[in-house]
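Structural features, examined
If you want the building blocks of each chain, they are given just below.
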Amino acid sequence: MAPGAVEKAEAAFAPGGVEEDPEKKKKREEKAKEKELKKLKAAQKAEAAKAAQAAKAGQPSKKAEEKAKKAAAVPAENEEDPADPPTPDGEKKRLAPEMAKSYSPAAVEASWYQWWEKSGYFVADATDKRKPPFVIVVPPPNVTGALHIGHGLTAAIEDTIVRWRRMSGYNTLWVPGCDHAGIATQVVVEKKIKKDLGLNRHDLGREKFVAEVWKWKESYGGKIGKQQRGIGASLDWSRECFTMDEKRSAAVTEAFVRLFKEKLIYRDNRLVNWDCILRTAVSDIEVDYIDLLGRTMLRVPGHDDLVEFGVITSFAYPLEGGEGEIVVATTRIETMLGDTAVAIHPEDPRYKHLHGKFVVHPFNKRKLPIVCDAELVDMSFGTGAVKITPAHDPNDFETGKRHNLEFINILTDEGNINSNGGKDYEGLKRFEARVAVLKALNEMGLYRGAADNPMRLGICSRSNDVIEPMIKPQWYVSCDGMAKEACDVVRDGRLEIVPKQFEDVWFRWLENIRDWCISRQLWWGHRVPAWYVTLEDDELTEFGVYNDHWVVGRDAKEAEKLASEKYPGKTYTLAQDPDVLDTWFSSGLFPFSVMGWPENTADLQTFYPTSLLETGHDILFFWVARMVMLGMKLTGQPPFKQVLLHAMVRDAHGRKMSKSLGNVIDPMEVIHGISLKELHKRLEEGNLDPREVEKAKAGQTLDFPNGIAECGADALRFALVAYTAQSVNINLDIQRVVGYRHWCNKLWNVIRFAMMNLGSDFVPSQQLDLASLPFGCQWILAVLNSTVEKTVNSFEALNLSEASTAMYSWWLYQLCDVFIEISKPALNGDDADPAAAQAKKATRDTLWVCLETGLRLLHPIMPFLTEELWQRLPRRQEEDVKSSIMISPYPSVVKEWRNSTVELEMNSIEIAVRAIRSLRMNYGLQPKQRCALYLLCRTPEVADVMTKGSDIISTLATLSSVKIILEAESAPAGCAVSIVDEQLSAYLLLTGLVDANVELSKLQKKKEEVERFREAITKRMNAPGYADKVPANVQEDNLTKVNKYTAELATIEEACENFQRLLIG
């Protein structure tokens, strides 16, 4: 294969590299490939013609025959690129005899997954006691239709680990499943029936609405499985589960019953995060916060007019008996309808005379006590007096309990003022009441002003509603004892958290934990297995009014039995709690409920506790901690031995991914590619508000003006795994994924090069004779061995980014950039020469070993491409070869390949090559210009190494000859020199290749041109008023240009000095 067919790596391909414009690069690469391919075809056809003539003359040549075969293998210009024949579903992929000229993700990824799955490669065996188990449960994605790129990151990381463990001899189990996602799913289906039928869930009724959700789940739930298969996730689909399937539902009920019996679940009236649109309590993780610097008008669902936030309003409460007033301030003026006290600091001298006094509510004339509270009140803030609304503020709630105040709820579940708010306000929406209360206070002369007030506003992530603190009777889990156990297992090493920095977060959360509200006022979810007993002689008959009238059972029959035992001889009625359980409660049981708990199944015995839990750091507390607490309580063991936390995926600008911004990325869109038009269409078909659709389209147009290029699953996976070095946030740039797509093409070309140079009759040797291998072959095996060791150690440490870097560096910088190039002379050697034939055989065997081992090394991250390429490689005779790369053994260190001496010597050779290449570049030599090199070695040891590597240096530095000289000798005149180090200098003979005077003249013109450009911009920047009148972005661009021209001038000066030295020499 002609030099250049395996292209030099571009910086854009490297992790963290500086990327050139992808479109320009693509055109340049395509042009270069086309040019090289034409050269290759011409040369090989010429060789084929020579071979044919030799055959006619009766003088056949093995070398000519071999080259003729290669030439025949090159398709003619008008021939179609080889395509794989169709493969019946589930069968092993049928490959075309010849490889396509370039890598196609769609073609490569076809058929392999179906064959892996049908062959049972993903299925774990609970009866296999020979292999150690390795178990992961997938963090169950919400069954809301589609995975986003964050799920893609999870799948890439977990599948990489699972495939590595499987190849390393473990009985691997990776359990798939989906979460019913109570709020998220209910919201999606509610929007759908509103859009399709113009109805809400209350119009349908609970039974019909839940039936609609199940229908939706059956229709759309399968999409997640297709996406996971598309990204290559080797999940054990025979164990797929759903958090609301029969077995998982039974586990949820059992857990609730057991915890209730141990008095760890109880019912109480407390403040919750209430969503007035969804009409349910929501968890802390479903509350986003926006920071307001001052007065801000926001749109709130359910309100036609914008609502004012970020303002603190002061008003006066009249003192009882007309003795004056006390001024308080609030950011939620409407809550004064539910005030039950005013608090002051006991040491505040301004209010000493008011201890034990009362104020009078101006609207309902209710007497409100003035209470002394040093815990709540800051004397230096505002007036030093605080209004207390215990039923609608967390701090006031605690104050109300301390002072035994009345708790008055003024809001309905929909967020309207109820009868407790007074007849003048009853029925108003809460923010309409805000305006009405303010007006009334003004009219009564009690308004004292308003001011900007920085604040954090809680917004429900599901509905965008402003969260309202509301007092509600709910079910709670007592967490103190379980939280202590969860801390203990981390401290004593039974559970390891990676990265370790998150241990502090773990302890901080758990040591300050509050009891967990597990009630949700939804219709979709696990119904609370609790029944309320209404006795015939109860004084109050409102449902749930007595917290001690509840019985908890596994079903209605058991509840009936418990009620009759609790109230013998009494007449009563039973009604099940209409609420459902928090989704996190069922997902908290996931690691053992998927194994069949509470039954003592074979899976539970073999695979529990699991080995690893991998998830995003944002749910360390909400999910991971709760799994540990529930696992310890219900099974007596931590549910996993390690926790690996990955970063949050953000867009290239560092913004959180949001549908309204249009920056949410579906992994399939990166794998298959998508046009901008199709991206817009997806937005239009979603549930976004029409106003947000236009905003999202604008964001997509800005970020993806040409859509998203087809990258393939392997490139996406590698990019995501490489990004894991960032432990907090990943700013995902799709162009980096495109870069790895180009690298996949390089891997494809390496194997294509190998297949052309190994020949169709090549059979790998059973063993390598290491001592007889050429120096370059010994080196590539030694560095491959080091890479295997580094990769395995990185995997063991769960440092996947480091593992990917090790693989990438070996394939690109050592195999492709060096070994492939230095192997070409040997691969093209004359078979008639015994020494050349031996070198060719050794080089071919080494190349095969490198490719076969390297593909197995890379497989966990890039499963599709490595399977396809591995299947194309020749096989050793009489070898127990596995049918798939995914069940082949993972590479391990080969003791015999270790050769630190060769590695050190090659390192010295590579340093010399880099110095020579730099010298060539400084003097503007073109690749076709080969010149003689003289290496001045100042010690015999260095001379020996350079002599050994002279052929390598000649090949890699594009030289006509290499001569080793000692200090007693000197290089000829007309040489450019580079001091490599204190023991080695390189002299490049440039006589006849470079006209120093001509080059100096060109550089001088270039220098003058650049100076003119720089001077023009500098003149504009120094003009009067520039700093004030010119936009900041223009000033920044000008400064960038000046710096660029300055750097360019420095480079030109250096080049001029080089040519001046050449003239002097």
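Residues numbered from 1 in each chain as written. Predicted model: local features only at pLDDT ≥ 70, side-chain atom pairs only at ≥ 80, totals over all residues. Heavy atoms only, no water.

The next thing to look at is the overall build of the chain. Along the chain, the regular secondary structure elements total 34 helices and 33 strands. Projected onto the principal axes, the alpha-carbon positions of the chain cover approximately 120 × 85 × 55 Å. Counting all 1065 residues of the chain, 52% fall into the buried class. Counting contacts in the chain only where the partners sit at least 6 residues apart, residues at least 24 apart contribute 76% of the total. Averaging the locations of the 136 positively and 152 negatively charged side chains of the chain gives two centres separated by 4 Å. (Helix = DSSP H or I, 4+ residues; strand = E, 2+ residues; numbered from the N terminus. Buried < 20%, exposed > 50% of the residue type's maximum accessible area, 1.4 Å probe, protein only. Contact = heavy atoms within 4.5 Å. Lys, Arg positive; Asp, Glu negative; His and termini not counted. Charge placed at Lys NZ, Arg CZ, Asp CG, Glu CD.)

Okay, helix H24 (residues 734-758) next. The end-to-end C-alpha separation of H24 is 36 Å, in line with the 36 Å expected for 25 residues at 1.5 Å each. If you check the start of H24, you find a side-chain oxygen 3.0 Å away from the backbone N of Gln735, and it comes from Asp733. Two residues or fewer past H24, Gly759 is found with a positive phi of approximately 90°. (Expected span 1.5 Å × (residues − 1). Polar contact = N/O pair within 3.5 Å; in protein donor to acceptor, adjacent residues only side chain to side chain.)

With that out of the way, let us pick up the packing of aromatic side chains. Any aromatic ring pair is given by two values, namely how distant the centres are and how the planes are angled relative to each other. The tally for this structure, following the rule as stated, stands at 37 aromatic pairs. Look at Phe256 and Phe585: their rings are 6.5 Å apart centre to centre, the planes differ by 70°, and that puts the pair in the edge-to-face class. Of the two residues, Phe256 is situated in helix H10 (residues 246-261) and Phe585 in helix H16 (residues 583-587); the sequence distance between them amounts to 329 residues. Take Phe585: its relative accessible area is 0%, and that puts it in the buried class. Centroid distance Phe309 to Phe431: 5.4 Å. Interplanar angle 80°. Geometry classified as edge-to-face. Taken together, the residues span a long stretch of sequence, with Phe309 in strand E9 (residues 307-309) and Phe431 in helix H12 (residues 430-443) at a distance of 122 residues. A relative accessible area of 4% means that Phe309 is categorised as buried. An aromatic cluster of at least three residues, connected via ring pairs, comprises Phe256, Phe260, Trp475, Trp516, Tyr532, Phe543, Trp550 and Phe585. When the ring centre of Tyr170 is taken as reference, the NZ or CZ atom of Arg165 above it lies at 4.8 Å. (Phe/Tyr/Trp six-rings, centres within 6.5 Å; stacked < 30°, edge-to-face > 60°. Lys NZ or Arg CZ within 6 Å of the ring centre and 35° of its normal.)

Our focus in this paragraph is the pairing of strand E26 (residues 610-616). Where burial is concerned, most of E26 is hidden: seven out of the seven residues are buried. One crossover worth recording links E26 to the parallel strand E27 (residues 640-646) by way of helix H19 (residues 620-635), and it is right-handed. (Right-handed = clockwise from strand over helix to strand, strands pointing away.)

As a further point, take the pairing of strand E32 (residues 975-981). With six bridges connecting them, E32 and strand E33 (residues 984-989) associate as antiparallel partners. Each residue of the ladder has a partner; that of Ile979, found in E33, is Ser985. Linking E32 back to E33 in an antiparallel pair, the connection comprises two residues. (Pairing = 2+ DSSP bridges.)

Taken together, three strands build an open sheet; the order of strands is E11-E10-E16 and the sheet is antiparallel. Single-partner strands in this sheet number two, and they are strand E11 (325-330) and strand E16 (447-452). Within this sheet the neighbouring strands show an average axis-to-axis angle of 20°, counted without direction. One ladder, built from five bridges, connects strand E10 (residues 311-318) with E16; its direction is antiparallel. Among the inter-strand pairings, Phe315 is bridged to a residue of E16, identified as Tyr447. (Axes fitted to C-alpha atoms, helices over the stretch in contact; angles between N-to-C directions.)

This next bit is on the side chain of Asp582. Along the chain, the position of Asp582 falls in the loop between strand E25 (580-581) and H16. A relative accessible area of 3% places Asp582 in the buried class. At 3.4 Å, the side chain of Asp582 forms a polar contact with the side chain of Arg520.

Now for the sheet that holds strand E30 (residues 931-937). Spatially, E31-E30-E33-E32 is the arrangement adopted by the four strands of the open sheet, whose pairing is mixed. Each edge of the sheet is formed by a strand with only one pairing partner; in this case those strands are strand E31 (959-966) and E32. Averaged over all pairs of adjacent strands, the angle between their axes in this sheet comes to 20°, without regard to strand direction.

On to the environment of Arg554, then. Residue placement: Arg554 occurs in the loop between strand E23 (550-552) and helix H15 (556-566). Taking the C-alpha atoms as reference, Arg554 lies 6.9 Å from Val257; in sequence the two are 297 residues apart. Once residues lying within four places of it in the same chain are set aside, the contact partners of Arg554 are Thr253, Glu254, Val257 and Lys261. At a separation of 2.7 Å, a polar atom in the side chain of Arg554 contacts the side chain of Glu254.

Before going further, it helps to spend a moment on unusual backbone geometry. Backbone torsion omega between Trp597 and Pro598 reads 15°, so that peptide bond is classified as cis. In this chain, Tyr608 is followed by Pro609 through a cis amide linkage whose omega measures 0°. On the secondary structure map, Pro609 appears in the loop between helix H18 (602-607) and E26. For Ser111, which is not glycine, the phi torsion reads 80° and is therefore positive. Here Ser111 is to be found in the loop between helix H3 (105-109) and helix H4 (112-118). For Lys365, which is not a glycine, the phi torsion comes out positive at approximately 65°. Residue position: Lys365 is located in the loop between strand E13 (358-360) and strand E14 (367-372).

Moving on: H12. Under the 1.5 Å per step criterion, the end-to-end length of H12 is 20 Å for 14 residues, consistent within 8% with the ideal 20 Å. Along H12, the residues that are buried comprise Arg430, Phe431, Ala433, Arg434, Val437, Ala440 and Leu441. One face of H12 carries all of its buried residues, which in axial projection span an arc of 165°. Turned more than 90 degrees away from the buried face of H12, the exposed residues are Val435, Lys439 and Glu443. Each element contacted by the buried residues of H12 is listed here: E9, E10, E16 and strand E18 (468-477). (Arc of directions from axis to C-beta.)

On to the environment of Met668, then. Within the secondary structure, Met668 sits in helix H20 (residues 667-672). The buried category is assigned to Met668, whose relative accessible area is 14%. What Met668 contacts, discounting residues up to four positions off in sequence, is Gln227, Gly230, Ile231 and Gly673.

This next bit is on the packing of helix H5 (residues 149-167) against helix H23 (residues 713-722). Between H5 and H23, whose axes approach to 9 Å, the crossing angle comes to 90°. Relative to H23, the element H5 is oriented roughly perpendicular. Contact residues: H5 offers Ile149, Gly152, Leu153, Ala156, Asp159, Thr160 and Arg163, while H23 offers Leu716, Arg717, Leu720 and Val721. In terms of residue class, the contact of H5 with H23 is built from six nonpolar, two polar and three charged. (Parallel < 35°, antiparallel > 145°, perpendicular 65-115°, else oblique. Nonpolar A, V, L, I, M, F, W, Y, C, P; charged D, E, K, R; others polar.)

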